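# Close look at the chain arrangement
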Amino acid sequence: MNKKIVVVNAGPRKGWNTDTLLTEAAKGAEKEGAEIIRFDLFRLEKYTGCISCFGCKKEKNKGRCICRDGLMPVLDAIREADGLIIGSPNYLSEMTASFRALYERLIFQNLTYNREKPCCNERPIPVLLIMTSNAPDTWFTDMMNGYRETLSSFVGPTEVFISGDTLQLRDYGKTDWPWTLFDPEAKKARHENVFPQECKAAFEKGAALVK
């Protein structure tokens, strides 16, 4: 039976950095025979982060968020998957609000508040967490290590992949306000020379998730 890999895009822009890296990672997983189930969080029905109803803390709902909204199909698919690939751009030195909503509910449903057994997830799966940012990738090592540790504890062994200093616009000169913080030519050169290598790395990491 083919492995099922859930791919979640927590960014809004189709065809850009996060979307492209996720697509490449999915292609790598497909090459190894995996079935891909993809969700784009910005195109789902309305949803929220954790509403602290504590329904997941009842024995009958153990490890299962009971909030019925647009995220329920995503959480259900992850629960049945053999691997998870999730990506988000960096907004104001954090992941997107859409990512955080899923992250809260993905983690909290498995958190028991029990000292002896803090996690009730009995089926850990490998996770590839991708983040893109217009700032250098070294700026967010601590933050991403925090996500890696928490996801590893409550979902499964997690690998982090950061693509920094990304190109945001095809033409920086067309903005109403001059974006003088960036060097457009340097951004373009990196996108043409380095980003393809990162796409290849994402492909290989997606394949490795299935092996």
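The coordinates are above.
This report concerns the structure included in the present document. (Residues numbered from 1 in each chain as written. Predicted model: local features only at pLDDT ≥ 70, side-chain atom pairs only at ≥ 80, totals over all residues. Heavy atoms only, no water.)

### What about the side chain of Arg79?
Tracing the sequence through the fold places Arg79 in helix 2 (residues 72-80). Non-local contacts of Arg79, meaning those with residues more than four positions away in its chain, are made with Gly63, Arg64, Cys65, Gln109 and Arg123. (Helix = DSSP H or I, 4+ residues; strand = E, 2+ residues; numbered from the N terminus. Contact = heavy atoms within 4.5 Å.)

### Side note on the environment of Arg38
Along the chain, Arg38 turns up in strand 2 (residues 35-40). When the C-alpha atoms of Arg38 and Ala26 are compared, they prove to be 8.9 Å apart, with 12 residues separating the residues in sequence. Setting aside its immediate chain neighbours within four residues, Arg38 contacts Val7, Asn9, Asp19, Leu22 and Thr23. A polar side-chain atom of Arg38 sits 3.3 Å from a polar atom in the side chain of Asp40. (Polar contact = N/O pair within 3.5 Å; in protein donor to acceptor, adjacent residues only side chain to side chain.)

### Some points on the pattern of salt bridges
Pairing between side chains becomes possible if they bear opposite charge and their charged atoms approach one another. Taken as a whole, this structure holds 13 salt bridges when the rule is applied. As a salt-bridge pair, Arg105 and Asp69 come within 2.8 Å of each other at their nearest N and O atoms. Of this pair, Arg105 sits in helix 3 (residues 97-108) while Asp69 sits in the loop between strand 2 and helix 2, and the two are 36 residues apart along the sequence. Considered together, Arg105 and Asp69 belong to a single accessibility category, that of buried residues. Where Asp82 meets Arg123, a salt bridge forms, and the shortest distance between an N and an O atom there is 3.1 Å. Remark: Arg123 occurs in the loop between helix 3 and strand 5 (127-132) and Asp82 occurs in the loop between helix 2 and strand 3 (83-91); sequence separation between them is 41 residues. A residue is classified by how much of its surface remains accessible, and Arg123, at 38% relative accessible area, is partly exposed. Each of the salt bridges in this network shares a partner with another, and the network as a whole consists of Asp19, Arg38 and Asp40. (Salt bridge = Lys/Arg side-chain N within 4 Å of Asp/Glu carboxyl O. Buried < 20%, exposed > 50% of the residue type's maximum accessible area, 1.4 Å probe, protein only.)

### Topic: the nonpolar core
Grouped together as the largest cluster of nonpolar side chains are 37 residues, with contacts concentrated most on Leu84 and Met144. Within the residue set of this core, elements represented by two or more residues are strand 1 (4-9), helix 2, strand 3, helix 3, strand 5 and helix 4 (141-154). Among the elements that take part in this core, helix 3 stands out by supplying 6 residues, more than any other. Among the nonpolar cores identified, the runner-up in size contains 17 residues, and Ile5, Val7, Ile85 and Ile130 belong to it. (Core = buried A, V, L, I, M, F, W, Y, C linked by side-chain atoms within 4.5 Å.)

### Topic: the packing of helix 3 against helix 4
Look at helix 3 against helix 4: their axes get within 10 Å of each other, and the N-to-C directions meet at 35°. The handedness of the crossing between helix 3 and helix 4 comes out as left-handed. Two secondary-structure elements touch here, helix 3 through Phe99, Arg100, Tyr103, Leu106 and Ile107 and helix 4 through Tyr147, Thr150, Leu151 and Phe154. Along the lines of polarity and charge, the residues of the contact of helix 3 with helix 4 split into 7 nonpolar, 1 polar and 1 charged. (Axes fitted to C-alpha atoms, helices over the stretch in contact; angles between N-to-C directions. Left-handed = near helix turned anticlockwise from the far one by under 90°. Nonpolar A, V, L, I, M, F, W, Y, C, P; charged D, E, K, R; others polar.)

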